[in-house]
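One-letter residues, chain by chain:
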Amino acid sequence: MSVKTIAGVEVNVSEEGYLEDMSQWNEEIAKEIAGEIGIELTPKHFEVLNYLREKTAAKEALTIRKVGKSGIVDIKELYKLFPKGPLKFSSKIAGIPKPTSCI
Amino acid sequence: METKEKEVKTAKKEKKPLEKVCIICAKGSLEDVYATLVMANGAVMEGIETNVFFTFFGLEGITKKTMNHLHTATTGNPAMRMPGGLPFPTMLGGLPGVETAVSSMMRKQMEALDMPPVDEFLEMITAGGGTIYACKLAVDMFKLKKEDLSDEVDSIITIGEFYELCDGDRTQIIFT
């Protein structure tokens with residue numbers, strides 16, 4: 001664990017850059033992490049991020065299948081929003097732990 | 001001397017991530033097809049270019065009629081257990097209906113882990129940019145047509161064409 005300053009806020013991050021404490025997250029932090037990955041966030045991105053945060057807060061395991069059935073995006077759109085890392089990148093930007101699911 | 005050591009260290013640290021996987025599925029039991037699908041979907045989710053090639057009995061996994069009703073072998077499978085953990089007697093596995101019942105039970109348990117049925121799994125893979133192929137020789141042998149196969153199947157190709165798809169020095173071929 002290390003401390004990193006993202007968007008002017010000191011946050012605790014894992015070795016791979018995932019936030020350790022999801023309550024330290026805000027939209028500015030999301031934008032900066034997304035920028036590092038090369039994604040520009042739109043309102044649709046935030047809908048997905050908020051969904052992921054809600055499910056994580058409720059301690060539900062996340063899979064892309066679940067996100068695809070959330071009614072927010074289908075799986076194809078999810079890949080378009082977060083290319084090459086639909087769950088990995090979206091989790092990182094949402095300030096939640098690295099996904100542990102294989103699906 | 002010191003700089004040399006440093007060079008060695010940095011060389012070790014440099015990662016060369018996988019860029020492409022080509023997965024071959026030649027068997028048609030539930031676990032063989034799912035091993036292929038999980039590995040293929042996992043690769044797509046990691047941003048790795050993914051080609052999946054179904055051949056021989058593996059075609060069961062992409063044939064519309066059979067793909068959502070795959071079976072697991074209840075005879076000749078020493079790892080098979082009864083619910084509760086006792087060994088599953090092979091004689092029992094040979095009784096009519098047992099394989100069907102065990103297979104549907106396994107599918108239910110997989111569903112509980114959010115593992116989708118085969119048709120949906122194939123859609124997930126292609127939605128992420130993965131490509132599904134069927135082997136021409138096997139398709140001819142089983143007298144199948146393109147229409148018999150899942151709509152997610154891109155095309156029926158020869159093994160030569162498959163190898164052409166496997167170019168690149170960060171490509172791996174996986175045979176499940």
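Residues numbered from 1 in each chain as written. Chains lettered and ligands numbered in written order. Predicted model: local features only at pLDDT ≥ 70, side-chain atom pairs only at ≥ 80, totals over all residues. Heavy atoms only, no water.

An unreviewed UniProt entry lists chain B under the name DsrE/DsrF/DrsH-like family protein, with Maribacter arenosus given as the organism.

Taking an unreviewed UniProt entry as the reference, chain A is identified by name as TusE/DsrC/DsvC family sulfur relay protein belonging to Maribacter arenosus. The UniProt entry for chain A carries this comment under Subcellular location (unreviewed entry): "Cytoplasm". The heading Sequence similarities (unreviewed entry) in the UniProt record of chain A holds the text "Belongs to the DsrC/TusE family." (UniProt positions renumbered as here; feature names shortened; annotations may be inferred.)

Trainee: Would you take a moment to explain the environment of A:I37 for this structure?
Mentor: Residue and element names in this part refer to chain A. Considering the arrangement of structural elements, one finds I37 in helix α1 (residues 27-37). Among the residues examined, I37 registers a relative accessible area of 25% and is labelled partly exposed. Once you skip the residues sitting within four places of it in the chain, I37 turns out to touch F89, K92 and I93. (Helix = DSSP H or I, 4+ residues; strand = E, 2+ residues; numbered from the N terminus. Buried < 20%, exposed > 50% of the residue type's maximum accessible area, 1.4 Å probe, protein only. Contact = heavy atoms within 4.5 Å.)

Trainee: So what exactly am I meant to see when it comes to helix α4 (residues 98-112) of chain B here?
Mentor: Residue and element names in this part refer to chain B. Over its 15 residues, α4 extends 21 Å from the first C-alpha to the last, a length consistent with the 21 Å expected when each residue adds 1.5 Å. Within α4, the full set of buried residues consists of V98, V102, S103 and M110. The buried residues of α4 occupy an angular sector of 120° when projected down its axis, which confines them to one face. Across α4 from its buried face, at more than 90 degrees, point the exposed residues K108 and A112. Looking at the buried residues of α4, the elements they touch are α2 (30-45) and α3 (90-93). In the stretch just after α4, D114 is the one whose phi turns positive, near 70°. (Expected span 1.5 Å × (residues − 1). Arc of directions from axis to C-beta.)

Trainee: Honestly, the interface of chain B and chain A in this entry has me stumped. Any pointers?
Mentor: The parts lose accessible area when they come together, and the size of an interface is often stated as this lost area. Tallying the contact residues gives 16 residues for chain B and 15 residues for chain A. When chain B packs against chain A, close to 1,300 Å² is buried across both sides, 58% of that on carbon and sulfur atoms. The largest contributions to the chain B side of the interface with chain A come from B:M45, B:D114 and B:M124, which together make up 44% of the buried area. Here chain B and chain A share five salt bridges between them. Between A:K88 and B:E46 there is a salt bridge whose closest N-O contact spans 2.8 Å. If you look at where chain B meets chain A, you find five residue pairs in polar contact (both at pLDDT 80 or more). At the level of elements, α2 and α5 (118-127) of chain B are the ones that each hand at least two residues to the side of chain B that touches chain A. (Buried area = accessible area lost by both parts, 1.4 Å probe. Salt bridge = Lys/Arg side-chain N within 4 Å of Asp/Glu carboxyl O. Polar contact = N/O pair within 3.5 Å; in protein donor to acceptor, adjacent residues only side chain to side chain.)

Trainee: What should I look at first to understand the packing of aromatic side chains in this one?
Mentor: Two numbers describe a pair of aromatic rings. These are the distance of the centres and the angle of the planes. If you walk through the whole model with that rule in mind, you get six aromatic pairs over all chains. The rings of B:F53, B:F162 and B:Y163 are connected pair by pair, giving a single aromatic cluster. Note that A:K92 overlies the ring of A:Y18, its terminal NZ or CZ placed 5.7 Å from the centroid. (Phe/Tyr/Trp six-rings, centres within 6.5 Å; stacked < 30°, edge-to-face > 60°. Lys NZ or Arg CZ within 6 Å of the ring centre and 35° of its normal.)

Trainee: I would appreciate a short explanation of the packing of α2(B) against α5(B) in the present structure.
Mentor: Residue and element names in this part refer to chain B. One can describe the packing of α2 onto α5 by two numbers: an axis separation of 9 Å at closest approach and a directional angle of 25°. By the angle between their axes, α2 is roughly parallel relative to α5. Between α2 and α5 the crossing geometry is left-handed. Facing Y34, L37, V38, A40, N41 and V44 of α2, the residues of α5 in contact are V118, F121, L122, M124 and I125. By residue class, the composition of the contact of α2 with α5 is ten nonpolar, one polar and no charged. (Axes fitted to C-alpha atoms, helices over the stretch in contact; angles between N-to-C directions. Parallel < 35°, antiparallel > 145°, perpendicular 65-115°, else oblique. Left-handed = near helix turned anticlockwise from the far one by under 90°. Nonpolar A, V, L, I, M, F, W, Y, C, P; charged D, E, K, R; others polar.)

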